[in-house]
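If you want the building blocks of each chain, they are given just below.
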Amino acid sequence: MLDAFNREINYLRISVTDRCNLRCTYCMPAEGITLMSHNEVLTLEQIAEVAKVGAENFGISKIRLTGGEPLVRKGIVQLVQLLKAIEPIDEVSMTTNGVFLKKFAAELKEAGLNRVNISLDTLSPEKFKVTTRGGNIQDVFDGIQAAKQEGLTPVKINVVKMESSNADELAQLKAFCEKENLKIQFIRQMDLESGSFSQVEGGKGGNCSICNRLRLTADGHLKPCLFSNKSYSTKELGAEGAFQAALYNKPEKGKTSNNHSFYNIGG
Ligand code: SF4
C-alpha cells in the first residue's frame, strides 16, 4: 500500500522480544535494561494476527523477525510456520546474532524461513568478547555454516561500523564474506536521540526516499519510522486501526526518537 509520500510499504519488521543472550556495547546499556513483562509481550498468535491483517489489507508481503535476539523467543519456529501460512506473505527472514543458529537452522528452514542476516562486527575472538560483553565468536561461525548448509540463503552479514573498534577490520570482514560466499552490509553506528543515521551500505535501510517499512514492537506498537516517536497500539486501536494510523502518519524522513531503543525495536 502507498503511504502519503507515494512509497510502496510492503515490509514489516517484527521485534518478537526485547531479550537477548548478548550485551553488545552499542545496543545494550552496561547497567542493564528494564525488560517488558510477560503480559506486555504479544503472544505468537497475536503477532501472526497483526501480520495477517497487514498482509491481507495493507499490502505487507515481506516480514523480518528481529529482537532483542529472536532465537531466545520460545516458539520462534512455530511463529515462522504461522507467518508462512499467511497467503500474501512471500518472504520471512530473520536478523540474528547467530549464537543459537546452529541449533535452530534445520527447524527454521523446515518451517519456511527464507534467509538470515547475521550480526558480526569483528573476526577477532577477543574483540568479539569485549563488544558483546562475553560472547564466543565460534558460536557465530558455527551458525553461519549451519545457515549455509540448511539453505537459509543468501546469508547476509550485518557489520556495525564503529570508529573505536573495527575501522581497521572492514577489509578483512569483506574478504571473509567473499571467501565464505556471504553477502555483507555495513551499518554506520546510529543514534536515535540525536537522529544520527545514514543509508546502509549494501542494503536499503536508512534511505527515506524509498522507505518501504513499518515496525511492530514486541508489546504490539506499530511504528511508521525508526527515527520518530510516532507509535500506534494494536492492542488499543486493533491491528487494522494501527496500520491505518501508521501508514497515514508515516513521516517523509526520520528525525529523532526517544521512546524506544535498538534492543526493543530491532533496528
Ligand atoms: S528513518 Fe524512517 S523513513 Fe527513513 S528509512 Fe528509516 S524508517 Fe524509513
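Each remark here, short or long, concerns the structure printed above.
Residues numbered from 1 in each chain as written. Predicted model: local features only at pLDDT ≥ 70, side-chain atom pairs only at ≥ 80, totals over all residues. Heavy atoms only, no water.

## Looking at the overall build of the protein chain
Moving on, step 1. A count of helical and extended segments in the protein chain gives 8 helices and 9 strands.
Moving on, step 2. In terms of C-alpha radius of gyration, the protein chain reaches 18 Å, essentially the compact-globule figure of 18 Å for 267 residues.
Moving on, step 3. Projected onto its principal axes, the C-alpha coordinates of the protein chain cover approximately 50 × 40 × 35 Å.
Moving on, step 4. Out of the 267 residues belonging to the protein chain, those deemed buried represent 52%.
Moving on, step 5. Surface accessibility of the protein chain: about 12100 Å² in total, with carbon and sulfur atoms responsible for 49%.
Moving on, step 6. Looking at the protein chain, you have 33 positive and 31 negative side-chain charges, and the mean spots of the two groups are 2 Å apart. (Helix = DSSP H or I, 4+ residues; strand = E, 2+ residues; numbered from the N terminus. Rg over C-alpha atoms; globule rule 2.2 N^0.38 Å. Buried < 20%, exposed > 50% of the residue type's maximum accessible area, 1.4 Å probe, protein only. Areas by Shrake-Rupley, 256 points an atom, 1.4 Å probe, with all protein chains shown as cover. Lys, Arg positive; Asp, Glu negative; His and termini not counted. Charge placed at Lys NZ, Arg CZ, Asp CG, Glu CD.)

## Here's the deal with helix α7 (residues 234–248)
Moving on, step 1. Compared with an ideal rise of 1.5 Å per residue, which puts 15 residues at 21 Å, α7 spans 15 Å between its outermost C-alpha atoms and falls more than 12% short.
Moving on, step 2. The sharpest bend along α7 comes to roughly 80 degrees, located at Glu-240.
Moving on, step 3. Those residues of α7 that fall on the buried side of the exposure criterion are Thr-234, Ala-239, Ala-242, Phe-243, Ala-245, Ala-246 and Leu-247.
Moving on, step 4. Buried-residue contacts for α7 involve β1 (11–15), α1 (44–58), β7 (213–216), β8 (221–223) and β9 (232–233). (Expected span 1.5 Å × (residues − 1). Bend = angle between axes of the 7 residues up to and from the residue. Contact = heavy atoms within 4.5 Å.)

## Re the sheet that holds β9
Moving on, step 1. Pairing is mixed across the open sheet formed by 9 strands, whose spatial order is β6-β5-β4-β3-β2-β1-β7-β8-β9. For this open sheet the edge positions go to β6 (183–188) and β9, each flanked by a neighbour on one side alone.
Moving on, step 2. Relative to strand β4 (residues 115–119), strand β3 (residues 91–96) runs parallel, the two sharing 4 bridges. Residue pairing for β4: Ser-93 is matched across the bridge by Arg-115.
Moving on, step 3. Contacting β5 (156–161) and β6, helix α6 (residues 170–179) runs over the sheet at an angle of about 155 degrees to β6. (Pairing = 2+ DSSP bridges. Axes fitted to C-alpha atoms, helices over the stretch in contact; angles between N-to-C directions.)

## Things to note about the site of the ligand
Moving on, step 1. Taken together, Phe-197, Gly-206, Asn-207, Cys-208, Cys-211, Arg-215, Cys-225, Leu-226, Phe-227, Lys-250 and Gly-254 make up the full set of residues adjacent to the ligand.
Moving on, step 2. Per-class residue counts for the shell around the ligand are 6 nonpolar, 3 polar and 2 charged. (Near = heavy atom within 4 Å. Nonpolar A, V, L, I, M, F, W, Y, C, P; charged D, E, K, R; others polar.)

## Regarding the nonpolar core
Moving on, step 1. Grouped together as the largest cluster of nonpolar side chains are 65 residues, with contacts concentrated most on Ile-63 and Leu-65.
Moving on, step 2. When residues of this core are assigned to their parent elements, the largest contribution, 7 residues, is made by α1.
Moving on, step 3. With residues near it in sequence (within four places) discarded, Ile-63 still touches Tyr-11, Leu-12, Ile-14, Ala-51, Leu-83, Ile-89, Glu-91, Val-92 and Ser-93.
Moving on, step 4. Among the nonpolar cores identified, the runner-up in size contains 6 residues, and Cys-225, Leu-226, Phe-262 and Ile-265 belong to it. (Core = buried A, V, L, I, M, F, W, Y, C linked by side-chain atoms within 4.5 Å.)

## What to know about the packing of helix α3 (residues 101–111) against helix α5 (residues 137–150)
Moving on, step 1. In contact at an axis separation of 8 Å, α3 and α5 are set at 15 degrees when each is read in the N-to-C sense. Overall, the two elements α3 and α5 adopt an arrangement that is roughly parallel. Crossing geometry of α3 relative to α5 is assigned as right-handed. The segment α3 lies against α5, with Leu-101, Lys-102, Ala-105, Ala-106 and Lys-109 engaging Asp-142, Gly-143, Ala-146, Ala-147 and Glu-150.
Moving on, step 2. Its residues assigned to classes, the contact of α3 with α5 shows 5 nonpolar, 1 polar and 4 charged. (Parallel < 35°, antiparallel > 145°, perpendicular 65-115°, else oblique. Left-handed = near helix turned anticlockwise from the far one by under 90°.)

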